[in-house]
Amino acid sequence: MAIAFLVTLLLIVVAIMFIRKKTSVKIDQVYMSEAGKFRVEGNVQSFIIQKDDRFEFLVEDGIITACKDRTRHKEFVYYGGKDND
C-alpha cells in the first residue's frame with residue numbers, strides 16, 4: 001500500500017516537472033533602434049538584455065535585478081545585494 005502511494009506521488013511530481021518545463025517559453029530576439037542593438041536571451045521567468053555587446057541587464061520575474069558592464073566586470077552587480085527579497 002505504501003509503495004503504491006509513493007509511486008503515485010512520484011508520477012505526479014514528474015508530471016508537474018514535465019508540464020513546468022514545457023510552459024517555459026524561450027526568448028532569443030534582436031532589436032535594432034537608434035539607441036543601439038539590443039539582444040534578449042533566456043526564458044519568460046529570467047532573461048538577459050544585452051545592449052551593444054557592452055551592457056547586460058538581468059531580468060527576473062519582470063524586474064531588473066542586476067547589471068553588468070562587460071568592459072569592467074565579469075559578474076553581475078545586483079541591486080541591493082545578491083539576496084534581494
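As shown above, the structure is provided for reference.
Below, the structure is looked at part by part. (Residues numbered from 1 in each chain as written. Predicted model: local features only at pLDDT ≥ 70, side-chain atom pairs only at ≥ 80, totals over all residues. Heavy atoms only, no water.)

Looking at the overall build of the protein
Looking only at helices and strands, the protein has 1 helix and 6 strands in total. Start at the N end of the protein and walk to the C end: the helices and strands fall as α-β-β-β-β-β-β. For the protein, buried positions account for 15% of its 85 residues. Of the contacts formed within the protein by residues at least 6 apart in sequence, a portion of 1% connects residues at least 24 apart. A total accessible area of about 7200 Å² is found for the protein, and carbon and sulfur atoms account for 62% of it. (Helix = DSSP H or I, 4+ residues; strand = E, 2+ residues; numbered from the N terminus. Buried < 20%, exposed > 50% of the residue type's maximum accessible area, 1.4 Å probe, protein only. Contact = heavy atoms within 4.5 Å. Areas by Shrake-Rupley, 256 points an atom, 1.4 Å probe, with all protein chains shown as cover.)

Digging into the pairing of strand β2 (residues 36-43)
Looking along a regular strand, one sees side chains alternate from face to face of the sheet. Pairing of strand β1 (residues 26-33) with β2, which is carried by 8 bridges, proceeds in the antiparallel orientation. Its bridge partner being in β2, Val30 is matched across the sheet by Arg39. Hairpin connection from β1 to β2: 2 residues lie between these consecutive antiparallel strands. As defined by bridge partners, β2 adjoins strand β3 (residues 46-51) across 5 bridges and the pair is classed as antiparallel. Bridging from a neighbouring strand, Gly42 pairs with Phe47 of β3. The antiparallel hairpin formed by β2 and β3 contains 2 residues in its connecting segment. (Pairing = 2+ DSSP bridges.)

Quick word on the packing of aromatic side chains
This structure, assessed with the given rule, holds 0 aromatic pairs. The ring of Phe76 has Lys68 sitting right over it, with the charged end atom 4.7 Å from the ring centre. (Phe/Tyr/Trp six-rings, centres within 6.5 Å; stacked < 30°, edge-to-face > 60°. Lys NZ or Arg CZ within 6 Å of the ring centre and 35° of its normal.)

Side note on unusual backbone geometry
The backbone of Asp52 shows a phi angle near 50°, a positive value even though the residue is not glycine. Tracing the backbone through its elements, the reader meets Asp52 in the loop between β3 and β4 (55-60). The phi dihedral of Asp61 is positive, around 55°, even though this residue is not glycine. Assignment of secondary structure puts Asp61 in the loop between β4 and β5 (63-69).

Concerning the pattern of salt bridges
Counted under the stated rule, the structure contains 7 salt bridges. Residue Asp28 is joined to Arg39 by a salt bridge in which the shortest nitrogen-to-oxygen separation is 3.0 Å. Placement of the pair is Asp28 in strand β1 and Arg39 in strand β2, with a sequence separation of 11 residues. Salt bridges sharing common partners tie together Asp28, Arg39 and Glu41. (Salt bridge = Lys/Arg side-chain N within 4 Å of Asp/Glu carboxyl O.)

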